[in-house]
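Chains, contacts and geometry: an overview
Here are the chains, one letter per residue:
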Amino acid sequence: MRITRAQMVTSTIAATATLALIPGIALAQPSHPLPAPPGPVAHPTHPVTPGSGIPADSLRALGAKVGLRIGTAVNADELASDSTYDSITAQQFSTVTAENVMKWDTIEPTQGQYNFGPADQLVAFAEAHGQLVRGHNLVWQNQQPAWFTAEAASLTPDQVKTILKQHIISEVSHFKGKIWQWDVVNEPFNEDGTFTNNIWYQKLGADYIADAFMWAHEADPKAKLFLNDYNLEYTGTKSNAALAFVKQLKAEGVPIDGVGFETHLDTQYGQPDLLNNLQRFAAADFDVAITEADVRTTLPVTAIEQSAQNADYSLSLQACLQVSRCISYTVWGFDDQFSWVPGTFAGEGAADIYNDFQPKPQYYTLQQDLELATGSAPRVRR
Ligand code: XIL
């Protein structure tokens, strides 16, 4: 007998409850009832049916059956040099994100001299393999070019604004028509819901955010424009502030289409009430997307941590599957060999769904969730 999605979710909740009994694994109980079955299917704006040569049990093919694009961040060096990396990227994913090469420090290493080559290669790869591209990112306090950080403090607000506008218009114009979703503003909030005190905020106040969206829209009116941040998965001060802010932007007519939930989870912090948060942003008429999913843990990985990692991957994918406005589910790289986690979080790792190009249990968890979702009522697309 085929297991319905509702039954699958119930069994995951039972498994989650078991994990919560184990000290150190503080897993929150989902507090929201399962949503009503979705209504009739509308055609997605971007068809997700993959071409030939894509395995029927790949994440992208299974995602296509339920109208959800499955993506990965891509390491440009690996893409350029490793055919195994390339074939997994092509076969398993229908969306790609540049892990680094669309960030400002790569794009404009010297003022006025652009280095679009590595990102162009990714876009060409995506076109060759029927994939859409998430552009990441236009405005962020990290990975800014050295020429800018060196002079930023001494610039006037008008000068900073001119430089930011120039950067956004140049980059978005270069990729015009080739980007599905742009992360226009990345990580603008602190944990307490205040704005990150970056150079943009210091010089321009919060207006830099609305301006960035308007410039990006001017340069590519068809791209979906996102604000992207971490820890929005949890209900609390940060996601409350982000929701209030994006609603205000929309009310003011700022062209913002969506909100990206990075979803960098860690087994030691328990599970977020992600479904509730996706739903409340969707209810405010935003597209939402899981943009950087990974689940790190302390090394070496114990059996219980491995279970918790599977449960966390499952929670994030199932939450996205249950929200029709959740338009893509992207992992932040697919293989532990190239993960950003060990370099950023001391003693942690094993955050991805492959290692040494072999699928891990986390991969099979995602695959199974997608398979089971095809047994339920189709997702409604808007
Ligand atoms: C990370 C990359 O994965 C690393 O290779 C790089 O050294 C630093 O940035 N949130 C984001 C991503 O929005 O851009 C970050 O990517 C991870 C956290």
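Just above sits the structure.
Now for a look at the structure at hand. Computed from a predicted model, the values in this text were never measured in an experiment. (Residues numbered from 1 in each chain as written. Predicted model: local features only at pLDDT ≥ 70, side-chain atom pairs only at ≥ 80, totals over all residues. Heavy atoms only, no water.)

**Some thoughts on the pairing of strand 8 (residues 287-298)**
Stated formally: Throughout, exposure labels follow a simple rule: accessible area from a 1.4 Å probe, protein chains only, divided by the maximum for the residue type, with under 20% read as buried, over 50% as exposed, and the rest as partly exposed. Here a helix means four or more residues in a row that DSSP labels H or I, a strand means two or more in a row labelled E, and each is numbered from the N terminus. Strand pairing requires that DSSP identify at least two bridges connecting the strands.
In terms of burial, strand 8 is largely enclosed, as 11 of its 12 residues are buried. Here strand 6 (residues 258-261) pairs with strand 8 via 4 bridges, running parallel. The residue bridging Gly 258 from the neighbouring strand is Asp 287, located in strand 8. For strand 7 (residues 264-266) and strand 8, the ladder comprises 3 bridges, and the chain directions are parallel. Looking at strand 8, one finds that Asp 266 is bridged to Arg 296. Bridge count between strand 8 and strand 9 (residues 326-331): 3 bridges; the pairing is parallel. Counted as the bridge partner of Ala 293 is Val 331 from strand 9.

**Brief notes about the state of the cysteines**
Heads up, the condition is: Cysteine sulfur pairs qualify as disulfides if the two atoms are within 2.5 Å.
Here the structure, examined in full by the defined rule, presents 1 disulfide. Here Cys 320 is linked by a disulfide to Cys 326, with a sulfur-sulfur distance of 2.1 Å. Because the torsion about its S-S bond is -95°, the bridge between Cys 320 and Cys 326 counts as left-handed. In terms of burial, Cys 320 and Cys 326 fall into one category: buried.

**Things to note about the side chain of Lys 360**
Put simply, the test is: The contact rule is simple, with two residues in contact once any of their heavy atoms fall within 4.5 Å.
Assignment of secondary structure puts Lys 360 in the loop between strand 12 (358-359) and helix 15 (361-373). Each residue touching Lys 360, except ones within four places of it in the same chain, is listed here: Asp 336, Ala 350, Ala 351, Asp 352, Ile 353, Tyr 354 and Asn 355.

**Comments concerning the site of the ligand**
Filter applied, for reference: Nearness is defined per residue: one heavy atom within 4 Å of the molecule or strand is enough. Definition of a polar contact: a pair of N or O atoms within 3.5 Å, with one able to donate and the other able to accept a hydrogen when the atoms are protein atoms, and with sequence-neighbouring residues admitted only if both atoms are side-chain atoms. Under the convention used here, a 1.4 Å probe and the Shrake-Rupley method define accessible areas, while residue burial counts only the protein chains that appear. When residues are sorted by character, Ala, Val, Leu, Ile, Met, Phe, Trp, Tyr, Cys and Pro go into the nonpolar class, Asp, Glu, Lys and Arg into the charged class, and all the rest, Gly among them, into the polar class.
Near the ligand you find 13 residues, and of these Glu 99, Lys 103, His 136, Glu 292 and Trp 332 are the closest. Glu 187 places a polar side-chain atom, nitrogen or oxygen, 3.0 Å from a nitrogen atom of the ligand. For the ligand, whose accessible area on its own is 410 Å², the fraction buried by protein is 78%. Across the shell around the ligand, the residue classes break down as 3 nonpolar, 5 polar and 5 charged.

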